[in-house]
Amino acid sequence: MIVTTTENVPGHRVAWVFGTAFGIVVRSRGIGGNIAASFRSIGGGEIVEYTKLVDDTRRQAMDRLMQNAAQMGANAVVMMRFDSGEIAQGMNEVVAYGTAVAVEPLQQ
């Protein structure tokens, strides 16, 4: 599955547009991670517990996006974006979304 933030895939043409595909993940921060992050924030710098949480969540949202696009019959997603927000205190959502398309190589 090709996933790109651009409108087109170089060397390919869009043969069919299936529509919007998405992958959603909602996560809560565990108390252990919050405690460790609180201690790290005292000294400043990167809070690796939250960095890992965000990275894992984005990867899972991307996996779900690709699964959703494949179920639609697509072999690519163009104009992929992330969106995130807080649903409730301590609960965040990450959405990966884009346009599910079928692309085919350009004739040379």
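Scroll up to find the structure this text is about.
Values in this document were obtained by computation on a predicted structure and should not be read as measured data.

**What to know about unusual backbone geometry**
Part 1: Unlike most non-glycine residues, Met-79 shows phi in positive territory, near 55°.
Part 2: Relative to the elements of secondary structure, Met-79 occurs in strand β3 (residues 76-88).

**Considering the packing of aromatic side chains**
Part 1: Applying the stated criterion to the full structure yields zero aromatic pairs.
Part 2: Here the basic side chain of Arg-58 rests over the ring of Phe-82, its NZ or CZ set 4.4 Å away from the ring centre.

**What to know about the sheet that holds strand β4 (residues 91-105)**
Part 1: The four strands lie next to each other as β1-β3-β4-β2, forming an open sheet whose pairing is mixed. Whereas interior strands pair on both sides, the edge strands pair on one side only; in this sheet they are β1 (2-3) and β2 (12-28).
Part 2: Of the strand pairs in this sheet, β2 and β4 are connected by 15 bridges, and their pairing is antiparallel. Among the inter-strand pairings, Trp-16 is bridged to a residue of β4, identified as Ala-102.

**Regarding the pattern of salt bridges**
Part 1: Going through the model one piece at a time under the given rule, you end up with three salt bridges.
Part 2: The salt bridge partner of Arg-13 is Glu-104, with a shortest N-O separation of 2.8 Å. Taken as a pair, Arg-13 in strand β2 and Glu-104 in strand β4 lie far apart in primary sequence, 91 residues in all.
Part 3: For the salt bridge of Asp-56 with Lys-52, the shortest nitrogen-to-oxygen distance reads 2.8 Å. In this pair, Asp-56 and Lys-52 are both assigned in helix α2 (residues 48-72), four residues apart and thus about one turn of the helix distant.
Part 4: Judged by relative accessible area, which is 30%, Asp-56 ranks as partly exposed.
Part 5: Residue classification places Lys-52 among the exposed positions, given a relative accessible area of 52%.

Here is what the cut-offs are and how they apply
Residues numbered from 1 in each chain as written. Predicted model: local features only at pLDDT ≥ 70, side-chain atom pairs only at ≥ 80, totals over all residues. Heavy atoms only, no water. Helix = DSSP H or I, 4+ residues; strand = E, 2+ residues; numbered from the N terminus. Phe/Tyr/Trp six-rings, centres within 6.5 Å; stacked < 30°, edge-to-face > 60°. Lys NZ or Arg CZ within 6 Å of the ring centre and 35° of its normal. Pairing = 2+ DSSP bridges. Salt bridge = Lys/Arg side-chain N within 4 Å of Asp/Glu carboxyl O. Buried < 20%, exposed > 50% of the residue type's maximum accessible area, 1.4 Å probe, protein only.

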